[in-house]
Each structure stands twice: as C-alpha cells, then as structure tokens.
Amino acid sequence: MKNKIVTDISIVGGGLTGSIIALSLAQYGIKSYIIEKNNNHIMLNTNYDTRTTALAPSSKDLLSSINIWELLKKDIGFINEIRVSDGDTPIFLHFDKHDIGNKPLGFMIKNSILRLKLHSAILNDKHVKLISPATIENMSITNDKAVLSLNNGTEIISDLIIGADGKRSSIRDMSNINTIGWNYNQTAIITNIKHDLSHNNIAHERFLKSGPLAILPLKNSFSSSIVWTESTDNAPSFLALNKKDFKNELTNRMGSFLGKIEVYEKRYSYPLMLKIAKNYISDRVVLIGDAAHTIHPIAGQGLNLGIRDIKTLTKILANTKKYGLDLGTKSVLTEYQKIRRSENLLMGVTTDFLNNLFSNDVLPVKLIRDLGLNFVNNLSSLKREFIYHAIGK
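What you see is a predicted model, and the numbers here were worked out from it, not measured in a lab.

Taken together, the 4 strands give an open sheet; going across it, the order is 1-12-11-10, and neighbouring strands pair in mixed fashion. The open sheet has two edge strands with one neighbour each: strand 1 (3-6) and strand 10 (136-141). Shown here is a sheet whose adjacent strand axes are inclined to one another by a mean of 15 degrees, direction ignored. Looking at chain direction, strand 10 and strand 11 (residues 146-150) are connected through 5 bridges and run antiparallel. Bridge pairing in strand 11 links Met139 to Leu148.

In structure tokens form, the structure reads like this:
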C-alpha cells in the first residue's frame, strides 16, 4: 500500500535553491515537501562541497527575511571592491563600494556552511519536510493536482511542483520543456588557496585567453576562492597535476600580488554551458534556479539569479495563498515566467557576450575591449548602473 502525502507544494531538489524556496514559502504558511535524490547526511559533511558562493546584497536581503543571515554572519567574507582586468594589461575596471554608498558589493560564503544552516532551519520549521534520498519514478498531472511517485513507494499530492533540481533537471524533462543553448568547451576548475598577503576584501576577475580567472576574498584575509576557466581539452591535465605543479600553473596566471600561495582544499571541476529553458512553466510545474537557466559563471550570478526567482515566485504564491486560490493554475505561474525569464535571458546573453569577447587574443579585439574598460572606468554613472544591476538593486 502506498504512503500518500498531501501538501501545498512539492519541491524537487534539496540543494541551496530548493532549501531556500521552501523556507521562503514557509513564512506565509505554505507547506512543502523537499525530495532530494542524494543522501542528505553525506551532503551535510563539510568535505562534501568546499566550493564557495558569491552572494549579492539582494540575496542577503532574502536570506535575512528567512532568518538565515544572522546564522551566517560569523562566516561571511566581504567584497568591498572588484577589479576587472584584461590579461596582463595595466588597464583595469575598478568597482568600489563607495561608488554606491558604503555597503559591501557582495559577500562570500562556503557552500557547506550555507547548506548546514539551511538544513538546520528546515528541521525546525513545521511547514517544511525533507525526504532524502529519494528519486521520482513518475509524475502525473490532473486538472486540480500534481502527483509524484517516489522510488520508496511514497506518493506526494500537491497543488504545484517546483523544479529546483539543477541544470540536468528531471522535472524539466518530465514536463517536456525544451532548452536552448550550447556548451562552451570550457571547464571551471574550483579550489581555495592561502596566500601571504591580505586580499583586502578585493575580488579580481582576470580575463585570459582560455577564459576568466576569478580570485574571490574569503572571511580569512589570507584565503581566497579560485574559479579558473580552462579549455575542456586542457582542464584534465591541470586537474591531474600534483600540488606543487598545480600551484605553479595557478601562480603563472594570477601573478604575485597576493604573495606566495598554497592550495589547501580539494579541486572541483564542471563543464560550462548556456542552457535556458524555453518555458519556465508547464501544467502545475514551475522551474527555478539552474533548472530554468544555467549561465556562464563569468559574473558570479548563478545562485543570485535563482534567489531572485525565489523572491518573485514567493511573492506571487503568497498572494495567491492569501486569497485562498489554487497555487498551481496557469495564470499564477504565467506571471512568474513573464517577470523572470526576460531578466535571466538578458543575463545569459550578457555573460555569453563577455566570455566570447574576452576569451581571445586577436589584437584589434583586445585593443577595443581595453578601450572599453578604460571608458567605463572613467564614467561614474555607467559604473553605478553596472553595479546596481549586478547586486540586484
């Protein structure tokens, strides 16, 4: 006999995005079940994921609203300045928090810490339940309900299914939602380093022929997170290097502005792609985060775009709940798609353009982009517009 569960929302994907939307909806009394395919106890191990995330101020605002930010404060690193440079050229584009006031331009947090705090909040929230590990065997949609059948025999009946299950979303596939996009033939190599000199809360984005190299300040002034973009053909050989040789290759790309460096945590890698869902909605299904839009990490906007999805969807669903209406109707979901798809598409196109513009050494192109960096750097009003867009204000 099947174990039947009735709830308001089914959330497929228990990562950062799925956890945040569950807690965001819970503020308004909206009940949800999160279904996560991976073993949650393994995911909570601090060695499971040593990657870091750059959070925009708008993301901080949402995390504050669900009472997570206070739990993170002692582990947060600040981004007070951003320097964008084109290889070894002396010209760079400089963003400073004083350009828009005196608040940080962004914040750095380890994924493992954010995941732990979210999980703790979920366990203590009566409106949210987590089922892990579990996979979806079947999804069926009726006029008034959405039904998920799990591999453990459980059947979850809800008004709406939220697909928060990443760029290889099973919910997107089951809903027959197609995507547009392409692979970049680039791989992101991610690790954390220690260095002799303080980073002074400055984030660096250095454009190289193989792709951008981001050096992001962590809480400890002498530690930084590295996102090194390399061609997919060459990446495996760099990942296979011993610690000393890997450090030397990274130093060649970084330079010596942070002094001597040491790589102190595991290296991760993942292929880079642009993948945008043609639709964010289907019958009683809505996509958020990477399930809806996977973009190049060149501007560090991945999770931030997902959090903006969450903010918009929460507002719409909370309003619908307030008036006692069906959470899964097409009219409700269409409003979300109309608001979010245009911004996410624009960000996808922008990051694609920047990656193509900077990932080559053709001399005329290099001269034009260096002139562009210098022009923007000397036009304060344009710089402010770039910052406001990046931080979600």
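The next point concerns the packing of helix 1 (residues 16-26) against helix 5 (residues 111-123). A pair of packed helices can be characterised by two numbers: the angle between their axes and the separation between those axes. It is the contact of helix 1 with helix 5, at a shortest axis distance of 10 Å, that shows an interaxial angle of 35 degrees. The two elements helix 1 and helix 5 meet at a crossing, and its hand is left-handed. Packed against helix 1, whose contacting residues are Leu16, Ser19, Ile20 and Leu23, the element helix 5 presents Asn111, Leu114, Arg115, Leu118, Ala121 and Ile122 at the interface. Its residues assigned to classes, the contact of helix 1 with helix 5 comprises 7 nonpolar, 2 polar and 1 charged.

What follows covers the packing of aromatic side chains. A full pass over the atoms with the stated rule returns 5 aromatic pairs. Where Phe78 meets Phe107, the ring centres are 5.8 Å apart and the plane angle is 65 degrees; that geometry is what we call edge-to-face. Placement of the pair is Phe78 in strand 5 (residues 77-79) and Phe107 in strand 8 (residues 106-110), with a sequence separation of 29 residues. On the numbers, 5.4 Å between centres and 40 degrees between planes, the contact of Trp228 with Phe246 is tilted. With a gap of 18 residues between them, Trp228 in strand 17 (residues 223-231) and Phe246 in helix 8 (residues 243-254) connect regions that are remote in the sequence. For Trp228, a relative accessible area of 1% translates into the label buried. The exposure class assigned to Phe246 is buried, which follows from its relative accessible area of 1%. An aromatic cluster of at least three residues, connected via ring pairs, comprises Trp69, Phe78 and Phe107. In this arrangement the basic side chain of Arg51 is found over the ring face of Tyr268, its NZ or CZ atom lying 5.8 Å from the centre. Stacked on the ring of Tyr264, the Lys or Arg Lys194 has its end atom at 5.1 Å from the ring centre.

Each value, and the rule that gives it
Residues numbered from 1 in each chain as written. Predicted model: local features only at pLDDT ≥ 70, side-chain atom pairs only at ≥ 80, totals over all residues. Heavy atoms only, no water. Pairing = 2+ DSSP bridges. Helix = DSSP H or I, 4+ residues; strand = E, 2+ residues; numbered from the N terminus. Axes fitted to C-alpha atoms, helices over the stretch in contact; angles between N-to-C directions. Left-handed = near helix turned anticlockwise from the far one by under 90°. Contact = heavy atoms within 4.5 Å. Nonpolar A, V, L, I, M, F, W, Y, C, P; charged D, E, K, R; others polar. Phe/Tyr/Trp six-rings, centres within 6.5 Å; stacked < 30°, edge-to-face > 60°. Buried < 20%, exposed > 50% of the residue type's maximum accessible area, 1.4 Å probe, protein only. Lys NZ or Arg CZ within 6 Å of the ring centre and 35° of its normal.

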